[in-house]
Each structure stands twice: as C-alpha cells, then as structure tokens.
Amino acid sequence: MQFNKVTDQIVEELKAIVGQANVLYDEEKMEMYSRDEVSDKLWEKMPEVVVKPETAEQVSQIVKLANRELIPIVPRGAGTGLAAGAVPLNGGIVVSMEKMNKILELDTENLFMVVQPGVTTGEVQKTAKANGLLYAGDPCSADSSFIGGNVATNAGGNKAVKYGVTSRHIYGLEIVMPNGDIVTFGGKNVKDVTGYDIIHLMVGSEGTLGIVTKIWLKLMPLPKYVADLLIPFADMQTAIKVVPKIMTAGIIPTCLEFMDSLSIKSAEMYLNKKLPYSDAGAYIICEIDGTSETQVQDDYETIGKLCLENGALEVFVADNMSTQERIWKARKCYAEAIRMISPVYCMEDIVVPVSNIPKCLEAIERIAKKYNCKIPSCGHAGDGNIHATVMREGRSEEEWHELKDNVLGELYEEVYALGGNLSGEHGIGAKRAEAMNKHMTDAQLSVLRAIKKALDPNGIMNPGKVLVLE
Amino acid sequence: MSAIDISSYKGVLVLGEQREGKVRSVTFELLTRGRALADALGCQLSCVLLGDQIANLEEVIHRGADKVFFVQNPALKNFLPRPYRNAICQVINEEKPEIVVAAATTTGRTVMPLVAAQINTGLTADCTELTIDPETRLLLQTRPAIGGNIMATIKTPNHRPQMATVRPKSAKPAPADPSRTGEIIIKEYDGALFITPEKFLEYIKDTTQEVSIEDADIIVSGGKGMKSAEGFKLVEELARLLGAGVGATRDVVELGWTTYPHQIGLSGKTVSPKLYIALGLSGKIQHMAGMQTSDIIVAVNKDPEAQIFKVADFGIVGDVFEVVPMLIEAIKKIKATA
Amino acid sequence: MNIVVLIKQVPGTDNVKMDPETGVMIRSGKDTIINPLDENALAEAVRIKNSRDDVKLTAISMGPESAMKALKEAVAMGADAGVLLSGRAFAGSDTIATAKALAAAIKKLGPVDLVICGERATDGETGQTGAMIANNLDIPVQTYVSALEVKEDGVVVKRTVEGGFERVEVPFPVLVTVNKDINEPGFPTLNGKLRAKQVTIPVWGPEELGVDKSELGLGGSPTRVVKVFSPKLSRDTIMKKADGSTKPVDELIKFLTEKEAL
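This one's a predicted model, so the numbers in the text were calculated from it and none came from an experiment.

The secondary structure content of chain C amounts to seven helices and 15 strands. Taken along the three principal axes of its C-alpha coordinates, chain C extends 70 × 45 × 40 Å. Relative to all contacts within chain C whose residues are 6 or more apart in sequence, the contacts with residues 24 or more apart total 70%. Accessible area of chain C: about 11,000 Å², with a carbon and sulfur share of 51%. Separation between the mean location of the 33 positive side-chain charges and that of the 36 negative ones in chain C comes to 4 Å.

The partner chain C presents 80 residues to the 87 residues of chain B that form the contact. Our count for the contact surface shared by chain B and chain C stands at five salt bridges. With a closest N to O distance of 3.9 Å, Lys180(C) and Glu254(B) form a salt bridge. Run the count over chain B and chain C and you get 32 residue pairs in polar contact (both at pLDDT 80 or more). Relative to strand E11 (residues 164-171) of chain C, strand E13 (residues 199-205) of chain B is paired through six bridges, and the arrangement is antiparallel. Looking across to E11(C), one finds that Tyr203(B) is bridged to Glu166(C).

Moving on: the sheet that holds E11(C). Spatial ordering of the open sheet is given by E13(B)-E11(C)-E10(C)-E9(C)-E12(C)-E8(C)-E1(C)-E6(C)-E7(C)-E13(C), a layout of 10 strands whose pairing is mixed. At either end of the open sheet lies a strand with only one pairing partner, and these are E13 of chain B together with strand E13 (203-204) of chain C. Alignment of strand E10 (residues 154-161) of chain C against E11(C), held across eight bridges, turns out to be antiparallel. Looking at the pairing, Val161(C) lines up with Gly164(C) of E11(C). Docked against the sheet, helix H4 (residues 129-137) of chain C engages strand E1 (2-6), strand E8 (114-118), strand E9 (141-150) and strand E12 (174-178) of chain C, running at close to 180° with respect to E12(C).

With that settled, the discussion passes to the nonpolar core. Ranked by internal contacts, the top residues of the largest apolar core, which has 65 residues, are Val220(B), Leu238(B) and Leu279(B). Excluding residues that lie within four positions of it along the chain, Val220(B) makes contacts with Val235(B), Leu238(B), Ala239(B), Leu242(B), Ala244(B), Gly245(B), Val246(B), Gly247(B), Ile277(B) and Leu279(B).

Let us now look at the packing of aromatic side chains. If you walk through the whole model with that rule in mind, you get five aromatic pairs over all chains. Ring geometry for Tyr277(A) and Phe316(A): centres 6.0 Å apart, planes at 50°, overall tilted. Here Phe316(A) lies in strand E15 (residues 316-318) and Tyr277(A) lies in the loop between helix H9 (261-271) and strand E14 (282-290), a separation of 39 residues in the sequence. On the basis of an interplanar angle of 90° and a centroid distance of 5.0 Å, the ring pair of Phe79(B) and Tyr84(B) is categorised as edge-to-face. Comparing Phe79(B) with Tyr84(B), the two get one shared label, buried. An aromatic cluster is built from Tyr277(A), Phe316(A) and Phe187(C), whose rings are joined through pairwise contacts. The ring of Trp204(C) has Lys108(C) lying over it, and the distance from NZ or CZ to the ring centre is 5.0 Å.

As a further point, take the packing of helix H10 (residues 293-309) of chain A against helix H5 (residues 190-198) of chain C. As a packed pair, H10(A) and H5(C) sit with axes 10 Å apart at the nearest point and diverge in direction by 135°. In terms of orientation, H10(A) lies oblique with respect to H5(C). The interaxial crossing formed by H10(A) with H5(C) has left-handed handedness. Facing Gln297(A), Tyr300(A), Glu301(A), Gly304(A), Lys305(A) and Leu308(A) of H10(A), the residues of H5(C) in contact are Leu190(C), Lys193(C), Leu194(C) and Lys197(C). When the residues that make up the contact of H10(A) with H5(C) are grouped by side-chain class, the tally is four nonpolar, two polar and four charged.

It is worth spelling out the sheet that holds strand E10 (residues 150-155) of chain B at this point. Strands belonging to one sheet form pairs held by backbone hydrogen bonds; the direction of such a pair is parallel or antiparallel. Reading across from one edge, E8(B)-E9(B)-E10(B)-E14(C) is the order of the four strands in this open sheet, with antiparallel pairing throughout. The strands lining the two open edges of the sheet, one partner per strand, are strand E8 (129-132) of chain B together with strand E14 (224-229) of chain C. Each strand of the sheet is rotated relative to its neighbour by a mean of 25°, with strand direction disregarded. Relative to E14(C), E10(B) runs antiparallel, the two being bridged by five bridges. Directly across from Met151(B), in E14(C), lies its bridge partner Phe229(C).

What follows deals with the pairing of strand E7 (residues 123-127) of chain B. All names here are of chain B. By the criterion of burial, E7 is predominantly enclosed, with five of the five residues buried. Examined bridge by bridge, E7 and strand E11 (residues 162-166) share three bridges and lie parallel to one another. Bridging from a neighbouring strand, cysteine 127 pairs with valine 166 of E11.

Turning next to the interface of chain A and chain C. Each partner contributes residues to the interface: chain A has 22 residues there, and chain C has 22 residues. Both faces considered, chain A and chain C share a buried interface measuring about 2,000 Å² in area, 60% of it formed by carbon and sulfur atoms. Area buried by chain A at its contact with chain C is led by Val317(A), Met321(A) and Arg326(A), which between them contribute 29% of it. One can count three salt bridges joining chain A with chain C. Of the charged contacts, one joins Lys193(C) and Asp319(A) as a salt bridge, the two residues approaching to 2.7 Å between their closest N and O atoms. The interface formed by chain A and chain C includes seven residue pairs in polar contact (both at pLDDT 80 or more).

Rules of the game
- Residues numbered from 1 in each chain as written.
- Chains lettered and ligands numbered in written order.
- Predicted model: local features only at pLDDT ≥ 70, side-chain atom pairs only at ≥ 80, totals over all residues.
- Heavy atoms only, no water.
- Helix = DSSP H or I, 4+ residues; strand = E, 2+ residues; numbered from the N terminus.
- Contact = heavy atoms within 4.5 Å.
- Areas by Shrake-Rupley, 256 points an atom, 1.4 Å probe, with all protein chains shown as cover.
- Lys, Arg positive; Asp, Glu negative; His and termini not counted.
- Charge placed at Lys NZ, Arg CZ, Asp CG, Glu CD.
- Salt bridge = Lys/Arg side-chain N within 4 Å of Asp/Glu carboxyl O.
- Polar contact = N/O pair within 3.5 Å; in protein donor to acceptor, adjacent residues only side chain to side chain.
- Pairing = 2+ DSSP bridges.
- Axes fitted to C-alpha atoms, helices over the stretch in contact; angles between N-to-C directions.
- Core = buried A, V, L, I, M, F, W, Y, C linked by side-chain atoms within 4.5 Å.
- Buried < 20%, exposed > 50% of the residue type's maximum accessible area, 1.4 Å probe, protein only.
- Phe/Tyr/Trp six-rings, centres within 6.5 Å; stacked < 30°, edge-to-face > 60°.
- Lys NZ or Arg CZ within 6 Å of the ring centre and 35° of its normal.
- Parallel < 35°, antiparallel > 145°, perpendicular 65-115°, else oblique.
- Left-handed = near helix turned anticlockwise from the far one by under 90°.
- Nonpolar A, V, L, I, M, F, W, Y, C, P; charged D, E, K, R; others polar.
- Buried area = accessible area lost by both parts, 1.4 Å probe.

Encoded structure:
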C-alpha cells in the first residue's frame, strides 16, 4: 500500500479545520505522540502532524481530507496502550482525542452516561460513583487512559471476572467512518437487534474501522459494600490451584488477581514500602462486592477459609478505603514497578482457559529458566489473562531482540497448545499483528480482511494495526 | 470549673526557643506577632526563654520584647516536656499574661498542650493569623482546618491565658533595634520543679537535609510531575546549584523519591522562604497550605490549569524536563560570571 | 503489660468536600477510615504485642456510634479489646475536653504502661490531644516519635525534630505520639475479622467515666469557633509558555534578578 506524505498545504488545510492551536508539527511537541507505553524504540515513530479536533464534524473533515489525499490516520487516546496501536508507524496524521473530553450527559433514570472519547476512565468512574452508580470497566490504567481508548481496545481490567470487558458496557457509538460519514448506532435502548451489531464490531477494532466520537455507557447501581482479600501463598502453583476452587464456590468475585514473587518484590521496591509476606511465592487478590454487608462478609469468609484450607499463609481483609488502597497500590503499580527495574521490557497479554493457568505459568517459568531471563507475571487469574513481562535488563540491543523473539515464539506456541490466545485485553496493535496473522487460519484472516476492505477501501485508518499491510 | 478573674490577666507573653545556648530565629517571628498584639492592646510584650546558658538575650529586647524572663537551670538545656511545662506554668502563674503565643515547632506543639491542660485553658494549634477583636479585646486565632480546605477563627472567651501556637515562617522575624531597652529577669526556681523521669540521650543532625528547609531562603520543590526518583534528581540538582533546600509533595514522599523531612504541606512542614520554586506539582490545597506565604513563588507545570499558578508570581507552562535543564544552564552562566 | 492505642475515625480524604456557599464540610457518613497515623500507632502496638506474650492491647475511640466500626477494625488488626466513648455529652469537645474524656477512660481501664496515638488527625490537624491526655494522666509524653524501642522498664524513642532527631529514654508509664516514619500500617486478618465480630465493645458515657458533664463537650471546651471561611489564594501571575527556546527561562531569570531573589 502506498501512502502520501503530509505536505505544508495539508497542514494548512488541517489548521483551517481545527484551528492553528490544535495542530502540532514541531518534533519536540510531537514527541509524546510518537510512542505509547510499549517502551521499545522499535515501536516508536514521529507523527507527520498531530491534530486535536474538538467536534465530530472536525474529525469527519480530517478523515475526508486524509481519504482524498491517501494519508494514514492514527486515532489516539491517552497513549497508555500496550500494543503500539496509537503509534503512526506508517506516518500520517495522528488524531488526538484529548480535546473531546466532556461528559455530555448523566442519565440517572436510564442509568447511562454519554461521553466524548477523551474523558479519562477514572473520571467516568468517579462521576458515576459520586451519583451512587458504577461504571464497571476498570483497566489498571483507569486514572490516565481515555474511555475512547478503552472502547478501541475493548479494554478488560480487574473487574472483568464479574462485570465483563468494556464491550459489555457500551450501548451506543457515534462513529466517523473511514469515508468521513458520521453515523450513530445504538443509544439508550437496552435491547436492540436492529441490523448488524456494528457496536461490537467497532469496540476493539483499534481505530482501524473508524473513529469513535461519542459513547453511550451503561451504568449499574453501585455495590454498597466492597471487600478485598490479599492472600499470600508460599508458591505460585499452590496459589493458582485455589483459583478454580474459588470460581466454583458459588460466589462470583469482582476481581481475582495474582502476582508472582518477582512482581511482589518489584512493587515493594517501587513503592518503597514493606508489603506483608513479601517473601511469599505469590499473592492472590480477590474482591467481592454486593449490596448487603453481611452477604459480602459471608462471601469473603467463605473464600478466605477456602484459601486457608488450601495452603494460604494468611488472609488479609480490607473493607475500607485506606486498606483497600494499600492493597491495590501494590497490584496496580505493576507496569511502573517493572519499568523502574528494567526501562525496556516486553509486556505480554496472553489468555488461556482458567483451568490451564497453572500449566501456562509452569511454561513461563520453564522458558525464563531456559533463556536465563526474568519474566515476572501477574494478572487476572479469574479470567485466565496473564501479563508476563520479559525484561531486557542489561542486555545489548541485539541480545534483547534475539531473546524477545525466542521467548515470545515459544510462549505463543505454549499458549495456543493450551487453547489460549495472544491478547486478553491489550489488543493486537502493531506489536502483535505479525504473530496474530501467523496464528490465524487463512479463512479467519479473510473474514477480517473483507470487513476492513468494505469499510476502508483506501486502507487509511490506522494502517498496519491488527492486520499486517499487504 | 471555677470562674477565674479575667481582668487580672495582662500583657502578651511569647515562648522563645533556644538551641545550644542561642536564641532561635523562630523567637523573633514570635516577637513580630507578639508586638502587634501588644500594641493593639496597649500592653507589654514579654518573652520567656528556658535554658542553661543563653548568649544573646539582649537581642530579644532589641527585637521587640519589653521584658525577657530567662528561666535558668542546667535541667533546661535540652527540651524535655515536663521540666519545660513546669517552668512555663510557673512564669504564667507569676506574671498572669492574657495571651501566650508559642511557635508550632515540635517543642511548642509538645509543651503548649501540656501547659494548657495543666492550667485548664484553651489552645489553638498552628495558627496562621492572630488578631485582636477591637470590641471584645479577645484574641482571634485563625488556622486552616480539614486539609486546608477551610479556615477557622477561634477564640477563648472565658479562660486565661488565651493561648495559640503559630506556624513557623508565617511571620517575618522582628528587625533588631540596638537602641531599644527592656528588662532581663533571671528566674531561678527550686530544682524540684525540673525533676523528671525522662533522660535526654542525644541530638542527631539529619545529614540528608543538607539545607534545612525551614531555614532555607530558597526552596526547590518537586511533585509527581518529576515522573520518577531519577527525574526528581533534577529538583535536587537545581537546589544544590542555588544552595536551596529540597521540598516535595506528599505524593513524592509516598513514592519514596525523597524522605519525609522534605515534605511540605499540611501533613509536612510549613515554609516561607524568599523564593519557592515549584516544579511539576499541581498545587493541591494541602501542599499550598505549607508554602503559600513564600515571598516569591515560581511554578513550572505542563498543565496551564494547575492550581499552583494561582499562587505563583511567575509561571511557565511547559515540560519540567525541558524547562528545568535550561534554568540550570542559565543559573550556571550567572554563577560563572558572578 | 497494658497498652492503650487511641484511634480517631476520620473522613476518607477524597470525601472531604466543602459547600462552596456556606463553607461547611459535607461529610459522607459511609467512607470513613481510621486516622492514618493512628493506624501507625496501632501497627506499632501490635508489633510490640507480637514480640512478647504479656501484652493486653486496648483501643479507645471517642466519636459517634459509627466509630464502633473503627474499633472493630482495630480488634481485627490485633487489639484485644475496644472501648467507645460516645454520646451527646461529648459533642462539640475541643482538645481540652476530648483529652479529659480520653484520660478518664484510660484511668478507668486500670494501670497502663504505654499509650500510643497518632501525632495528629487528618481532620482537625491539631496534634494537641496526645500531650494533653498525658498531662491529665500525669505521665510523661514523647511526641513526633519515628522509632520506638521497648526496654525492660521503659522505652527509648527517636523523635523527628527540626533539622534532625532526638533520642530520649523514658520509663513506663509513658504516652507517645507517632509519625508515619515509624512503620507500615498493617492489615486486618480474616481470623482477626472473625474475632472482631464476637467482641463486644462497651460504650461509655460521662457516668461510666465518672466525669461531670460540664467538663465535657462544648461546655467543657475553653475555645469557641467564631467563624469558618474559605481561604483565598491569588497573586498577579506572569505567565509564560515554554516554546522550546530559552526565552521564558531568560525572562524568569530577569524577573528574579530584579526582585533580588537569586
């Protein structure tokens, strides 16, 4: 595919659309738009120009311009992605949604929030909570990530065990299609099977099929009581074997997370705080919520006892803001903690059926030993989603690439053998496009390609992401 | 509670502090406060000091006290709560001041509650403003409360003395006037007054605080915008270059980029330097409660909406990692030519 | 060895909002926590308790009925018992009246060796009550304690003071107020939570304390709040935007040189 360059003339046209202040073209200012959180030079590229539209109409004009001139368009949220999905690897125009950051409506009667894509997920959560409601999407990056980015990647996060991933909460989208048309599908209807389910095609399409400019989020009543359990185990296998027992105990936890000993140690170092039982081989973190205090108590007692019977070293209970914050700080700092120890790393996002987590973790351990590298893992035990992170540490550029290729190659083979898949929640982006294309059948790929071709015949929307360029 | 004869209490008394036989400058700030109150009431200002030997008692007169009471005893060389309490209570009982003001230092905030409980009167902590109500002639004690979100004004109508501690650096030290005269009165009490079960072992200077931030003329302070422990070193570098103290927000201390003695704000220290340089900190109200009385405030922050700009005299909207290195270079240049 | 920990229930920091019109604090009753420094106090007491086998640890709180939750939490974290001082008689207490009530409660429990409390609470931020209680109990006090070593018949404390630290040796009984450098606060355990469910926490009023009502609450408080208002911040700010050039920094240097601030 041949794309054109952004010329001075096009920059002028973009200025005419969004105003001079909303167009960036000097390298220093565009620097932060040249990467996401992947932390590898391989996945960085300076945009030719960055635009910050303020309305769907402006987005439409930008897309029309790009379509006319055959210039790639890369939609971008807060840049917290972990798959190089918002990096302009084929050049072109980065469309940053940061200025479309308004909560348009909070409908407490129908339990909906209508927002623009540049609102941070944390603000959505806080606004809902302040009104006694819950927005159940909760990726670890919630404080900084944009809701639009969550939609684009179909972000998962901690509460997916009970409440599902982002798509479960999206009931309507306004989309600027690759030809510039502004279309709306869905809205506040709770049931709606009118036509194809375009909403669930768009959610998770990583900006390759259009740009979302307005989102209808479904809210639910805020569970009044929440308790978190922090459960240290002597070793990972004992810890992970408890997971299916918890999942079949008749209680659906809101979160069921694990951290291995390397992650615990990293968190301790990063937070500069002693964590309880930090010599433990693994932590399980389990959250239970509900509308009745005694129900939540009964549930955590059941789960806590189950863990103690199955090898837990201790069960800590947090049922208020301060203790809960202390527990989640340790889990949520995973990425930052790893970055502190090894500024370059490769965070994977594999997913396997829950019952196969022990085997998958065994495989990770085996691979780490074989290549003599560190692969701390933590993640969402309740849904089989494992963040295994290969650390570069002191390796040379060459050694690092060789290590990464070898480790990832073997890891993916193991994952597929266990009935798993490449990405549970971070998405494919550019980083895993080749691997995905390799592991999908031709028949599967041709379905994906047909959709892409039909909606974006010129292939300008985020080229090279999800599907490799032909 | 037995009613006391309020009218028998007259004059303003401030509690001076000394370390190693030298009157500490926080005493002179108290003289500024005390002088204003005494003048408003048209009464005398006295200062009580406790210690073994004190070299510069005259200076206390020069800086505004009409009387200095020096309670002299080897047992008072270092601060111990009980002997200090007993000495101060003794002086209050003898002199009957209507107002007693101490600094909200670790000493003042420890001994004043003991004194207040001992003589059963009110005490308002950590005031930022002290005035006299012209109608009632009562002391109005204003302090931040609830995370600095509000200010509360408090009075002590029916008990004497009216007592408050004031934030160090919330007033300027009173200037010295060598021609001022006053009286220095040495108070010697029976040693029994100073008997206490506690034993002072040692004072250890904290070497991590190269420049103590309470005493620094310039403070360079960093917030979460410094991104990492590594990034925070830029704050320390600029501070070193300027001979300044290093400050930090609560977040930064919690992240372990620096230690608690550097924390500025409601749960940390209150400072009032000549120049406060705020880098990558948004200016949460809790932080600002600890630095907003600085003479000149400079702020660098990426976010043009950051609260810190509201109290700044000079603000630069930009990335600290772009601006601060330039600032360091510019200052190096000045130093080289100076 | 008898240890008493004093804890205060405070609003979770995120939930303190001010009514912009009236300047009055809007308290949401649900999201309350143990005052963070009191959690340090509790953790220190639990540490001492775990290091020897003769410790009885009691947590005391004064506050509304809902402060029972904080005391249950203290038991779940390792306290043996709790006492709540609650009732109309305590309402409106300043630090003097609060210290009278808490000192009376400690006295009623019998001889105490060590009282530990947080150096200050996040809501009132006065940091006075600890020392006042020690005075009322007529026992020594050590404040701003960042390390505590228990000896045969007393403690050696490290105090964080201006510019450094002090070390002081004090025999029992003693009251110490701690800062956050002393330890990492702990967590309740499941077994602790189960125990807390069984423990009955008595509620004491003025009668149980044997303190005259006139010494408590607003009537027993020498201080009065005259008014509450919002702080005003504003200066005439010179604003510059970083543009990659050294111009904003040069202007800053010029400004600071004119003001003789460098």
